[in-house]
Amino acid sequence: MRGLLPLMLLCLSCTMPTVSAQSLYENAYQRCLRTPDFDPESAKLCSLVIDDPRTSPIDRAMALNNRSAMTRDEDQAMRDLNEAIRLAPKLAKLFNNRGVRNSYPDPSNAISDYTEALRLDPAYAVAWNNRGEAYLEMKRYDDAIRDFSEAIRLAPRYVHPMYNPYEFRARAKEAKGDDKGADADRALYLPIMERASQGDTDTRGPNASGLRAWEPFITK
C-alpha cells in the first residue's frame, strides 16, 4: 500500500492540470464572448480563447472583435479586426466596427466598411447611422440625411447617449439651412429619450442585433 500511494498521488497530479485548463478556458469563453467588459483582464481572457485550438473559427472571429474593443493600441485593434473579417467575412458587425476604427482622422476611410456592413445586413441601423456620421463630417449632407433617415426607419424608438440619428440628422439639416426641420427632429427624439431613461427601449425589432448599446460585442 505504501508503494501504491506515491503512484496514486502521481496520477492525481497528472489529471488536475487538465481539469484546471478546461475550467480556465470555459471561464475565459464566458468572460470574452458571453459577458465581455472593457478591461485589461477581459482582453487577456479573449487572448486565451483566440489562441486555444479548441476555439472554432467563428468564435475566434468574435473573440478577436471583442479584444479589438478592449485595447488602446490602434494597430493591434486593426490587426484583430482584419483577422476576424478573414475568418468570418459574412459578419456585418465586423465591418461596422472596423469602419469605426478607420473613421479617425479621415471619415472617408470608413465608408467602404460601412457600405459592406449594409450590403451584408441592410437592416443594420447602427451601420446606417455610422455611415451617416461619416458623411456628415465629410459635409455630404444629403447622403448623411438619407442614412440617418434609414436608421430611424429601422429602429424608430431607439436612442442612446452614443446613438441618436435624430440629433445627427438635425445637425445635417441645420448645415443645409433647414432650422425648422432640425427643430422637428429634436422634438421627435426628446420623448423617446424620456421613455428610454425609464427602461422602455426598442430591442425586439428587426434591428435587435445591431443596437448600439450592444456594440462592439458579438454574442450568441
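None of the values given here were measured: they were computed from a predicted structure.

Cut-off values and rules
Residues numbered from 1 in each chain as written. Predicted model: local features only at pLDDT ≥ 70, side-chain atom pairs only at ≥ 80, totals over all residues. Heavy atoms only, no water. Helix = DSSP H or I, 4+ residues; strand = E, 2+ residues; numbered from the N terminus. Buried < 20%, exposed > 50% of the residue type's maximum accessible area, 1.4 Å probe, protein only. Contact = heavy atoms within 4.5 Å. Areas by Shrake-Rupley, 256 points an atom, 1.4 Å probe, with all protein chains shown as cover. Core = buried A, V, L, I, M, F, W, Y, C linked by side-chain atoms within 4.5 Å. Axes fitted to C-alpha atoms, helices over the stretch in contact; angles between N-to-C directions. Parallel < 35°, antiparallel > 145°, perpendicular 65-115°, else oblique. Left-handed = near helix turned anticlockwise from the far one by under 90°. Nonpolar A, V, L, I, M, F, W, Y, C, P; charged D, E, K, R; others polar. Disulfide = S-S within 2.5 Å. Salt bridge = Lys/Arg side-chain N within 4 Å of Asp/Glu carboxyl O.

A. Structural view of the overall build of the protein. Looking only at helices and strands, one finds 10 helices and zero strands in the protein. In sequence order, the secondary structure elements of the protein are arranged as α-α-α-α-α-α-α-α-α-α. Within the protein, the fraction of its 220 residues that count as buried is 47%. When contacts within the protein are restricted to residue pairs at least 6 apart in sequence, long-range pairs at least 24 apart make up 55% of them. With an accessible surface of roughly 12000 Å², the protein has 57% of that area assigned to carbon and sulfur atoms.

B. Representation of the nonpolar core in the model. Ranked by size, the top nonpolar core spans 33 residues in total, and within it Leu33, Val49 and Tyr124 carry the most contacts. Only α1 (4-34), α2 (40-51), α3 (57-70), α4 (74-87), α5 (92-102), α6 (111-120), α7 (125-137) and α8 (141-154) provide two or more residues apiece to this core. With near-sequence residues (within four places) excluded, Val49 lies in contact with Tyr25, Ala28, Tyr29, Cys32, Leu33, Thr55 and Ala63. Residues Tyr114, Ala134, Ala144 and Phe168 belong to the second largest nonpolar core, which totals 11 residues.

C. Spotlight on the packing of α7 against helix α9 (residues 165-175). The contact between α7 and α9 brings their axes to 11 Å, and the two run at 25°. With respect to α9, the element α7 is oriented roughly parallel. Remark: the crossing between α7 and α9 carries left-handed chirality. Across the interface between the two elements, Asn129, Glu133 and Leu136 from α7 touch Pro165, Phe168, Arg171 and Ala172 from α9. Grouping the amino acids of the contact of α7 with α9 by side-chain chemistry returns four nonpolar, one polar and two charged.

D. Spotlight on the state of the cysteines. Under the counting rule described, the total for this entry stands at one disulfide. Across the disulfide from Cys32 sits Cys46; the S-S distance is 2.1 Å. Handedness here is read from the sign of the S-S torsion; for Cys32 and Cys46, about 105°, the answer is right-handed. Taken together, the residues span a long stretch of sequence, with Cys32 in helix α1 and Cys46 in helix α2 at a distance of 14 residues. Residue Cys32 shares its accessibility class with Cys46, and that shared class is buried.

E. Summary view of the environment of Ser68. Among the structural elements, Ser68 can be located in helix α3. As for Ser68 and Leu81, which are separated by 13 residues in sequence, their C-alpha atoms are 6.6 Å apart. Beyond its immediate sequence surroundings of up to four residues, Ser68 is in contact with Ala77, Asp80, Leu81 and Arg101.

F. Just the side chain of Asp80, in detail. Within the secondary structure, Asp80 sits in helix α4. Exposure remark for Asp80: the relative accessible area of 2% places this residue in the buried category. Sequence-distant contacts of Asp80, defined by excluding residues within four places in its chain, comprise Leu64, Arg67 and Ser68.

G. View of the pattern of salt bridges. Applying the stated rule across the entire model yields 17 salt bridges. Among the ionic pairs, Glu74 bridges to Arg101, the shortest N-O distance being 2.7 Å. Pair noted here: Glu74 is in helix α4 and Arg101 is in helix α5, with a separation of 27 residues, a long-range link. Note that Arg186 and Glu174 form a salt bridge whose closest N and O atoms lie 2.8 Å from each other.

Nothing here speaks to function; it is geometry throughout.
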